[in-house]
There are 2 protein chains.
Amino acid sequence: MNPELIQVPTLLLDPQRCRQNIYTMAEKARSQNVLLRPHFKTHQSHHIGRWFRDEGINRITVSSVGMARYFADDGWDDITIAFPVNVREINEIKTLAAKVRLSLLVVDAPAIEELGRRLTEDIQIWIKVDVGTHRTGLNPDHTDQLDVILERLQHYPQLHFAGFLAHAGHTYQSRTVQDVQDIYNQSLKELIKLKQKYQPEFPGIQISLGDTPGASMADQYGEVDELRPGNFVFYDLMQEQIGACDADAIAVAMACPVVAIHPERWQWVIYGGAVHFSKDAIVLADGQKCYGRMVTWQEQSWHTGLGNAAPFLISLSQEHGIVQCTSETFSLHQPGDLSYWLPVHSCLTADAMGAYHSLDGPHPDHYRRHALNQVVNV
Amino acid sequence: MNPELIQVPTLLLDPQRCRQNIYTMAEKARSQNVLLRPHFKTHQSHHIGRWFRDEGINRITVSSVGMARYFADDGWDDITIAFPVNVREINEIKTLAAKVRLSLLVVDAPAIEELGRRLTEDIQIWIKVDVGTHRTGLNPDHTDQLDVILERLQHYPQLHFAGFLAHAGHTYQSRTVQDVQDIYNQSLKELIKLKQKYQPEFPGIQISLGDTPGASMADQYGEVDELRPGNFVFYDLMQEQIGACDADAIAVAMACPVVAIHPERWQWVIYGGAVHFSKDAIVLADGQKCYGRMVTWQEQSWHTGLGNAAPFLISLSQEHGIVQCTSETFSLHQPGDLSYWLPVHSCLTADAMGAYHSLDGPHPDHYRRHALNQVVNV
């Protein structure tokens, strides 16, 4: 790929870093006899999905019915939709369930009723448990509520109780290996307790846990049956801050033209804003918000040598990114240059951009955002 | 449109509210003899653009070369790209300039050199001035810097000096009509001073100002030549908080399925997250962040009757939205219901969604996000 040809904000993918991340996680799971069911919401790409297949992965996680359909179209046939089932999509779910081994998440009994009455296909049912993130899921101590769901489940033989699933998203607040391992262990303990309680009645049930900090930083996976991390395929500055990766493992970077410089405040303006990066930030040690950190281009890829001394994005509007430099770094770029940025949250950046340019590619074939907004049905 | 048929997060467009917003702004500009050159980055839609044409608008503003190309394709032939010129797109700029009356922004002399040497087509050149937002633009007091740009400009007869352009984005920090009017007046004063200084040498130069709070709230536009507001076409909760609109003027709303409820904390989970709303928030009076506020559906459109007592989105992850209710509002929805949400920043929500469903439409023809992420060039 020749960066000289890049004209507009472009999301670059380093296949080497990406495949290394996939290999490392797959190998860690294999060595601990844990099933890796990676979450594909981060990359949302057939092409990258196939790199997982090369590592022997054959079961995946997604976050929407549309994403399940997209990956089913590429031959994936064992898919968990790790999102409380949206019964408004029951017809799409029915179509999918006829095609793949489909696992769904439920958090209440009415969802079981709806699935049971409307579907004839076999479905695996996971009960979503809240291990402390408090986003969604049932309190694992309220087994009376679990019992209500399981009682309803018995009425529908096509619905198979798969087990208990949790997302320990509160690891994102952690900053040390010990904190993450503690959350991982505590989450697992909750799930194991449930498994032990319900296994006599439901032999074969499993427990599933998933988040990138936990899967990356926990030394021992323990008695978990499956893990569902997703972000590790790319990693990002948020994961670096938590301690789940080094900056060098981050497998995507934005390439953005510099369009203005402001020596009086050591700032640059880049073409690259909220519609490209999305708008998650990390808070730096000095309290400043950071929406991206600069890396430099050398030969065939980007390099992280500037470390934390690198210019960083202090704000994003729709198309503008404002970059804070120091007196030392200010002279690194002039308007017209291409600059390179590690994203704060690669899942959202990848979704906003909708396309990757691989460093392996022969030429950049300029990135075009999806067709501009359309009015439907008027 | 029948909301019963909506299955997934969908951006609804109320044509009546939208056309009223367009009419009101066009009428206000007409009555004060100011040229309205609306910014089309908010809606990014051919269809909505035509509603402006119905109001006699024939000049527009956009924020990228790609957006200029998109609207040129629909017959717009007088377009300002209100973003510091990205010289890496010089070939696309050349093609556009051969087709439409193109206006570009410059903030430094090297950009003039690049345009002058590479383009043979006539181009209108605006100098971007910083009237206090400190995003980009030249300090209007540093006329020595302006002089350097204007000196270079003289060497290229195809480059025509159009005047001085500013974006008073610091109105977004205001909360009263007086504050906004003050910023508007102060910004205008800076531009008038420049116009008066340079008019003898460059007769016919104009001054252009543009931001939705200013254009909506300033009672008198004064001696400005053109205004470039954009967001007013939809408005949003951020504009309501500033005081630029009533909630009832907001012309887009997200329709999102409710997928889980949590009585112990009076919260719901909706299918609708950062990839749908994008991730701008306003801070409420009590310090809580708000990513969207609920409205109710009645007959043919949404209604804002719940006001500030409405449930609101307190956090967004990739696909999940977490809704905070009170004991009174918690019972308004059950899983499986469709809920409706005014966005915090309609520009970013519209961009993230990429499609509108008009309330006038005969059926919702389910929204599909743009094709999932593709790897290019591998």
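Right above here is the structure, for reference.
Let me sum up the structure you'll find in this document. Within any chain, residue numbers begin from 1 and follow the written order of that chain's sequence. In the order they appear in the text, chains get letters beginning with A and ligands get numbers beginning with 1. In keeping with the model being predicted, local features are shown solely for residues with a pLDDT of at least 70 and side-chain atom pairs are shown and tallied solely at 80 or more, while totals for entire chains, interfaces and linings include all residues. To obtain the side-chain values, all non-hydrogen atoms of the structure were used and water was disregarded.

### Quick look at the side chain of Thr304 of chain B
Residue and element names in this part refer to chain B.
Logical step 1: A run of H or I in DSSP becomes a helix once it reaches four residues, and a run of E becomes a strand once it reaches two; helices and strands are each numbered from the N terminus. Here Thr304 lies in the loop between strand S15 (301–303) and strand S16 (312–316).
Logical step 2: Burial classification: accessible surface area is computed with a 1.4 Å probe over protein chains only, and a residue below 20% of its type maximum counts as buried, one above 50% as exposed, and the rest as partly exposed. Assessed through its relative accessible area of 19%, Thr304 is described here as buried.
Logical step 3: Engagement of the side chain of Thr304 in a polar contact is seen with the side chain of Asp248, the distance being 3.4 Å.
Logical step 4: Working rule for contacts: check all heavy atoms of both residues, and any pair within 4.5 Å makes them a contact. In this structure, Thr304 is in contact with Ala247, Asp248, Val295 and Leu342, ignoring residues within four places of it in sequence. In the analysis that follows, any N or O atom pair within 3.5 Å is treated as a polar contact, provided that within protein one partner can donate a hydrogen and the other can accept it, and provided that, for residues neighboring in sequence, both atoms belong to side chains.

### With respect to the packing of helix H5 (residues 109–118) of chain B against helix H6 (residues 143–153) of chain B
Residues and elements named next belong to chain B.
Logical step 1: Every angle, taken between N-to-C directions, lies between 0 and 180 degrees, and every axis is a line fitted to C-alpha atoms, over only the stretch in contact when it is a helix. Contact pair H5 / H6: the axes reach a minimum separation of 8 Å and the direction vectors enclose 10 degrees. Judged by the inter-axis angle, H5 sits roughly parallel to H6. Residue-level inspection shows Ala109, Ile112 and Glu113 of H5 in contact with H6, the latter providing Val148, Ile149, Arg152 and Leu153. Roughly parallel means an angle under 35 degrees; roughly antiparallel, over 145; roughly perpendicular, 65 to 115; everything else is oblique.

### Overview of the interface of chain A and chain B
Logical step 1: With 80 residues of chain A at the interface, the matching set in chain B holds 80 residues.
Logical step 2: When two components associate, each loses some accessible surface as probed by a 1.4 Å sphere; the sum of these losses over both components is called the buried area. Between chain A and chain B the total buried area reaches about 6800 Å² when both faces are included, carbon and sulfur atoms providing 51% of it.
Logical step 3: The rule for a salt bridge is simple: a side-chain nitrogen of Lys or Arg has to be within 4 Å of a carboxyl oxygen of Asp or Glu. Taken together, the links from chain A to chain B amount to 4 salt bridges.
Logical step 4: Between Asp280 of chain A and Lys279 of chain B there is a salt bridge whose closest N-O contact spans 2.8 Å.
Logical step 5: In this structure, the connection of chain A to chain B is made through 22 residue pairs in polar contact (both at pLDDT 80 or more).
Logical step 6: Each residue is assigned to one class: nonpolar for Ala, Val, Leu, Ile, Met, Phe, Trp, Tyr, Cys and Pro, charged for Asp, Glu, Lys and Arg, and polar for all the others, Gly among them. In the side of chain A that touches chain B, the residues fall into 34 nonpolar, 27 polar and 19 charged.

### What about the sheet that holds strand S9 (residues 226–227) of chain A?
Residues and elements named next belong to chain A.
Logical step 1: The pairing criterion is simple: DSSP has to find at least two bridges between the two strands. The strand order S2-S9-S8-S7-S6-S5-S4-S3 describes an open sheet built from 8 strands, whose pairing is parallel. Bordering the open sheet on either side are strand S2 (35–36) and strand S3 (60–62), each of which pairs with just one other strand.
Logical step 2: Of the pairings in the sheet, the one linking strand S5 (residues 101–106) to strand S6 (residues 123–129) comprises 4 bridges and is parallel in character. Looking across to S6, one finds that Ser103 is bridged to Gln124.

### Quick notes on the pairing of strand S10 (residues 252–262) of chain B
Residues and elements named next belong to chain B.
Logical step 1: In terms of burial, S10 is a largely internal element, 10 of the 11 residues being buried.
Logical step 2: Inspection of the sheet shows strand S1 (residues 10–13) paired to S10 by 4 bridges, in the antiparallel sense. Each residue of the ladder has a partner; that of Leu13, found in S10, is Val252.
Logical step 3: In this sheet, strand S18 (residues 338–343) lies alongside S10 in antiparallel orientation, the contact comprising 4 bridges. Its bridge partner lying in S18, Pro257 is registered against Leu338.
Logical step 4: Relative to strand S11 (residues 267–271), S10 is paired through 4 bridges, and the arrangement is antiparallel. The residue of S11 that forms the bridge with Val258 is Ile270.
Logical step 5: Turn length for the S10-S11 hairpin, with the two strands adjacent in sequence and antiparallel, is 4 residues, and the turn residue Trp266 shows positive phi of about 50 degrees.

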